Amino acid sequence: MCSIIGYIGSDKAAPVIVQGLKRMEYRGYDSVGVATFSDDQILIKKGIGKVDQVNSTSKLDTLSGSIGIGHTRWATHGRVTSANAHPHPSTSSKIAIVHNGIIDNFAELKMDLQKKGFIFKSETDSEVIANLLQYEFDKTKDIKKSMLQTVAQLIGDYAFVAVFNDGMLAAARFHEPLIVGIGNEGYFVSSDVLGFVEHTDQVIYPDNREFVIINTHGIQMFDFDGNPVKHQITKISKEFADSYKGEYAHYTIKEISEQPRTILKAGHNTKIELDLISDLIKQTKNLYITGSGTSYNAALVAKYIFSKYAKLKIEPLIASEVPYTSNFFDNQSMLIALSQSGESADVLEAVKIA
Ligand code: GLU
């Protein structure tokens, strides 16, 4: 899970982006990068390591320009190298992209684009987005059309932001998070409201299969069929602004100390909801609990808690193994899914299967 962010406005983009990436560090990553549009060209700086480390050696936040994109990468395709870190420029460097997710058909697309003369500089799946957009944009000279043509060819899960060298941003979302922020001094797109929460509390949540085109004057949103879409602007609650780690040494310890409050705040009428869930659990014959990484460790702890307090047997499953073990799920089974982010792909897949 990585973070993407884009900014277009009257402030200098790079410091806004670097700060936003730092706010989203809890999401985990191995490398970081920023691209800005300045003086008719796209400038890119990136490297391996934490935001602060890379920023102190490469001075990400000194890039000029008031339009930009940024990324923290969690490598899925290609090694953890500077070349594989995002942003990725298109062959002509007229477009650069940051991508969260996986492009399943990148190999076919890459081969096809290479035949058309596009040159690839990374081992990532993501770079095809930059070159595909460039190919479509060169044909149509139209950002909306090139976005539509691009998303029509991508297979996989993604949220991406592209900066075009005419000073526009475009971002699309398909099964990965993307949030638009509307501030007084500019527009934001980000994986998480934390990316821009200190600049604005006005947000739009694009639906799946939607994209947004942003310039300094405003935003336009469309679905993947090209129809314009309108969304309410939502005011985000103060809790988001509170989600900085504050006086806590790190986010994990903050979350642990907040658990008693968080659980009670989870539903409109949490007591009734908890009773309903416990009734369901009591009626279920086969109980399973799944997680991935740390949440799987939590599932292992749950096994002892269920046994000790509820006298129930619950079987922990590693989320990525659920596709191979789900044949014993039946209508007497329940799967409890744990996820810290709510976005862990393996856990979401396990829920879909169940
Ligand atoms: N699949 C892309 C890569 O390996 C993006 C990974 C991510 O979501 O950070 O570069």
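Only a predicted model underlies this, so the values are computations on that prediction, with no experimental measurement involved. Throughout, residues of each chain are indexed from 1 in the direction in which the sequence is written. With the structure being a predicted model, the display of local features is reserved for residues of pLDDT at least 70 and the display and counting of side-chain atom pairs for 80 or more, all residues being used for whole-chain, interface and lining totals. Think of the side-chain values as coming from all heavy atoms in the structure, minus any hydrogens and water.

1. A look at the overall build of the protein chain
Going along the chain from the N terminus, every DSSP run of H or I of four or more residues is numbered as a helix, and every run of E of two or more is numbered as a strand. Regarding its fold elements, the protein chain presents 11 helices and 17 strands. With the C-alpha coordinates of the protein chain rotated into their principal frame, the extents come out at 65 × 45 × 40 Å. Relative to its full complement of 354 residues, the protein chain shows a buried share of 47%. Every residue pair with non-hydrogen atoms within 4.5 Å of one another is taken to be in contact. Within the protein chain, contacts between residues separated by at least 24 positions form 63% of all contacts whose residues are at least 6 apart in sequence. A total of about 17600 Å² of accessible surface is found on the protein chain, and carbon and sulfur atoms cover 54% of it. Only protein chains enter the calculation, and the probe is 1.4 Å; a residue is then buried if its accessible area is under 20% of its type maximum, exposed if over 50%, and partly exposed in between. Note on areas: Shrake-Rupley, 1.4 Å probe, and residue coverage restricted to the protein chains presented here.

2. Comments concerning the site of the ligand
Residues are labelled near a given molecule or strand when at least one of their non-hydrogen atoms is within 4 Å of it. Lining the immediate surroundings of the ligand are 14 residues, of which Arg73, Thr76, His86, Gly101 and Asp125 lie closest. The side chain of Asp125 places a nitrogen or oxygen atom 2.8 Å from a nitrogen atom of the ligand. Taking 300 Å² as the accessible area of the ligand by itself, protein coverage stands at 98%. Looking at the shell around the ligand, the element that brings in the most residues is strand 6 (residues 95-103), giving 3 residues. Classification used: nonpolar for Ala, Val, Leu, Ile, Met, Phe, Trp, Tyr, Cys and Pro, charged for Asp, Glu, Lys and Arg, polar for all others including Gly. Each residue belonging to the shell around the ligand can be placed in one class, and the counts come to 3 nonpolar, 9 polar and 2 charged. Polar contacts, as counted here, are pairs of nitrogen or oxygen atoms within 3.5 Å of one another; within protein the pair requires one atom able to donate a hydrogen and one able to accept it, and residues that are adjacent in sequence qualify only if both atoms are side-chain atoms.

3. A closer look at the environment of Gly65
Mapped onto the elements, Gly65 comes out in the loop between helix 2 (51-58) and strand 4 (67-73). Sequence-wise, Gly65 and Ile213 are 148 residues apart; in three dimensions their C-alpha atoms are separated by 18 Å.

4. Quick look at the packing of helix 3 (residues 106-115) against helix 4 (residues 127-140)
Two elements in contact, helix 3 and helix 4, have axes separated by 10 Å at closest approach and are oriented at 45 degrees. Our classification of the angle between helix 3 and helix 4 gives oblique. Once helix 3 is placed against helix 4, the crossing between them reads as left-handed. Judged by residue contacts, Phe106, Leu109, Lys110 and Leu113 of helix 3 engage Val128, Asn131, Leu132 and Tyr135 from helix 4. Axes here refer to lines fitted to C-alpha atoms; in helices the fit is confined to the stretch in contact. Angles between the N-to-C directions go from 0 to 180 degrees. Roughly parallel covers angles under 35 degrees, roughly antiparallel covers those over 145, roughly perpendicular covers 65 to 115, and oblique covers all other angles. For any pair of crossing helices, the crossing counts as left-handed if the nearer helix is rotated counterclockwise from the farther one by less than a right angle, and right-handed if it is rotated clockwise.

5. Some details on the packing of aromatic side chains
Pairing of aromatic rings covers Phe, Tyr and Trp, the last through its six-membered ring, and needs centres within 6.5 Å; plane angles under 30 degrees mean stacked, over 60 mean edge-to-face, and all others mean tilted. A complete count under the given rule lists 13 aromatic pairs for this structure. Seen in terms of ring centroids, Tyr288 and Phe329 are 5.3 Å apart; in terms of plane orientation they differ by 45 degrees. Their pairing is tilted. Here Tyr288 is found in strand 15 (residues 286-291), whereas its partner Phe329 is found in the loop between helix 10 (322-325) and strand 17 (333-337), with 41 residues between them in sequence. Of the two residues, Tyr288 and Phe329, neither departs from the other in class, the shared state being buried. One aromatic cluster in this structure is built from Tyr158, Phe160, Phe174, Phe211, Phe222 and Phe224. Consider the ring centre and the ring normal. A charge sits over the ring if Lys NZ or Arg CZ is within 6 Å of that centre and within 35 degrees of that normal. Its guanidinium or amino end placed over the ring of Tyr29, Lys50 lies 4.4 Å from that ring's centre, counting from NZ or CZ. When the ring centre of Tyr135 is taken as origin, the NZ or CZ atom of Lys116, which lies over that ring, is 4.4 Å away.

6. Structural notes on a nonpolar patch on the surface
Patch membership requires over 30% relative accessible area and the absence of a salt bridge. Like charges are linked within 9 Å, and nonpolar side chains (Val, Leu, Ile, Met, Phe, Trp, Tyr) within 5 Å. A pairing counts as a salt bridge when a side-chain nitrogen of Lys or Arg comes within 4 Å of a carboxyl oxygen of Asp or Glu. A surface patch of nonpolar side chains, amounting to about 290 Å² of accessible area, comprises Ile272, Leu276 and Ile277. Along the chain, Leu276 turns up in helix 8 (residues 270-283). Judged by its relative accessible area of 54%, Leu276 falls in the exposed class.

7. A look at the sheet that holds strand 5 (residues 88-89)
A pair of strands counts as paired when DSSP detects no fewer than two bridges linking them. Across the sheet, which stays open at both edges, the 6 strands sit in the order 5-6-7-8-12-13 with antiparallel pairing between neighbours. Two strands bound the open sheet, and with one partner strand each, they are strand 5 and strand 13 (218-223). Bridge count between strand 8 (residues 168-174) and strand 12 (residues 210-215): 5 bridges; the pairing is antiparallel. Residue Ala172 lies in a different strand from strand 12, and its bridge partner there is Phe211.

8. Focus on the side chain of Asp30
The residue Asp30 is located in the loop between helix 1 (13-23) and strand 2 (31-38) in this model. The charge count treats Lys and Arg as positive and Asp and Glu as negative. His and the chain ends do not count. Although Asp30 is buried, it makes no salt bridge; Arg73 carries the closest opposite charge, 4.6 Å away. A distance of 2.8 Å separates a polar atom in the side chain of Asp30 from a polar atom in the side chain of Ser31. In terms of polar contacts, Asp30 uses its side chain to reach the backbone amide nitrogen of Ala75, at 2.8 Å. Excluding anything up to four places from it in sequence, Asp30 contacts Ile48, Gly49, Arg73, Trp74, Ala75 and Val80.

9. Re the sheet that holds strand 10 (residues 186-190)
To summarise the sheet geometry, strands pair through backbone hydrogen bonds and adopt either a parallel or an antiparallel arrangement. An order of 3-2-4-1-10-9-11-14 is seen for the 8 strands of this open sheet, with the pairing classed as antiparallel. In the strand order of this sheet, the two ends are held by strand 3 (41-48) and strand 14 (234-235), each with one partner. The pairing of strand 11 (residues 202-204) with strand 14 spans 2 bridges and is antiparallel. Of the residues in strand 14, the one forming a bridge with Val203 is Thr234.

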